[in-house]
Every structure is written in C-alpha cells, then in structure tokens.
Amino acid sequence: MTNNGTIGVAFIGAGIVAEMHGRGLAATPGARLVGVYDPELPRAKKIARKFGGRVFKTLDELLHDESVHAACVLT
C-alpha cells in the first residue's frame with residue numbers, strides 16, 4: 001500500500017477477462033492499475049492505454065516492481 005492508501009494492482013494476462021477486471025478496478029476506490037504483462041505486447045498495450053499503468057515487458061519485471069502490491073492472474 002502506498003502512502004496515500006492506494007493499492008497498486010498489476011494484471012498478468014491482457015485478454016477479454018482483463019477488460020472486465022479493468023472496469024472493476026477503475027470503479028474501486030483505493031486501488032489503481034500499475035501495469036499489465038502479456039506475452040503478446042499489443043494486448044498489454046491496449047489494456048494499459050485503456051485503464052492506465054505501464055506495460056511490463058517480462059513477468060520478472062512485474063514481480064520485482066515495488067509499486068505492485070497485488071496481481072490478478074488473468075490467463
């Protein structure tokens with residue numbers, strides 16, 4: 001959790017389910033999308049553009065980012 005009480009969430013997977021989770025996360029006070037990882041980079045870019053956050057190029061990069069407090073596995 002950040003100093004302002006916001007939980008940083010990352011998505012692992014950027015398909016149809018990520019769209020649904022993105023809408024839910026956007027409507028959740030105290031949470032924000034930090035970023036998205038998907039092996040298919042264009043899919044990750046689409047979700048990040050739509051809901052915010054960055055694109056992680058590798059899963060390892062996502063897992064070591066200190067702003068990620070929780071991850072949704074959406075594969």
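The structure contained in this document is the topic of the report that follows. (Residues numbered from 1 in each chain as written. Predicted model: local features only at pLDDT ≥ 70, side-chain atom pairs only at ≥ 80, totals over all residues. Heavy atoms only, no water.)

A grouping of Lys45, Lys46, Arg49 and Lys57 is seen on the molecular surface, where their side chains present a positively charged patch. Secondary-structure assignment places Lys57 in the loop between β3 (54-56) and α3 (59-63). Among the residues examined, Lys57 registers a relative accessible area of 63% and is labelled exposed. (Patch = residues over 30% accessible without salt bridge, like charges linked within 9 Å, V, L, I, M, F, W, Y side chains within 5 Å. Areas by Shrake-Rupley, 256 points an atom, 1.4 Å probe, with all protein chains shown as cover. Salt bridge = Lys/Arg side-chain N within 4 Å of Asp/Glu carboxyl O. Lys, Arg positive; Asp, Glu negative; His and termini not counted. Charge placed at Lys NZ, Arg CZ, Asp CG, Glu CD. Helix = DSSP H or I, 4+ residues; strand = E, 2+ residues; numbered from the N terminus. Buried < 20%, exposed > 50% of the residue type's maximum accessible area, 1.4 Å probe, protein only.)

Further remarks concern helix α2 (residues 41-51). Buried within α2 we find Ala44, Ile47, Ala48 and Phe51. Taken end-on, α2 shows its buried residues confined to a sector of 100°, consistent with a single buried face. The exposed residues of α2 that point more than 90 degrees off its buried face are Pro42, Arg49 and Lys50. The first or second residue beyond α2 is Gly52, which carries a positive phi of 95°. (Arc of directions from axis to C-beta.)

This paragraph deals with the pattern of salt bridges. Under the counting rule described, the total for this entry stands at 4 salt bridges. With its nearest N and O atoms 3.6 Å apart, the salt bridge here joins Arg43 to Asp38. A salt bridge links Arg54 to Glu61; the nearest nitrogen and oxygen atoms lie 2.2 Å apart. Classification of Arg54 as partly exposed rests on a relative accessible area of 35%. Owing to a relative accessible area of 29%, Glu61 belongs among the partly exposed residues under this scheme. Sharing partners across several salt bridges, the network here consists of Arg54, Glu61 and Asp65.

One finds Val9, Phe11, Ala14, Ala18, Leu25, Leu33, Val36, Ala44, Ile47, Ala48, Phe51 and Leu74 forming the largest nonpolar core, which totals 12 residues. By residue number, the principal contributor to this core is α2, which donates 4 residues. Leave out the neighbours within four places in its chain, and Ile47 touches Phe11, Ala14, Gly15, Ala18, Glu19, Leu33, Val36 and Gly52. Formed by 7 residues, the second largest nonpolar core is a distinct cluster that contains Tyr37, Phe56, Leu62 and Val68. (Core = buried A, V, L, I, M, F, W, Y, C linked by side-chain atoms within 4.5 Å. Contact = heavy atoms within 4.5 Å.)

Moving on to the pairing of strand β1 (residues 7-12). Counting buried positions along β1 gives 5 out of 6 residues, so the element sits mostly inside the fold. Pairing of β1 with strand β2 (residues 31-37), which is carried by 6 bridges, proceeds in the parallel orientation. Opposite Ile12, over in β2, you have Tyr37 as the bridge partner. Handedness of the β-α-β unit built from β1, helix α1 (residues 16-26) and β2 comes out right-handed. Bridge analysis of β1 against strand β4 (residues 70-73) gives 4 bridges, and the strand direction is parallel. Bridge pairing in β4 links Phe11 to Cys72. (Pairing = 2+ DSSP bridges. Right-handed = clockwise from strand over helix to strand, strands pointing away.)

These figures come from the coordinates and say nothing about function on their own.
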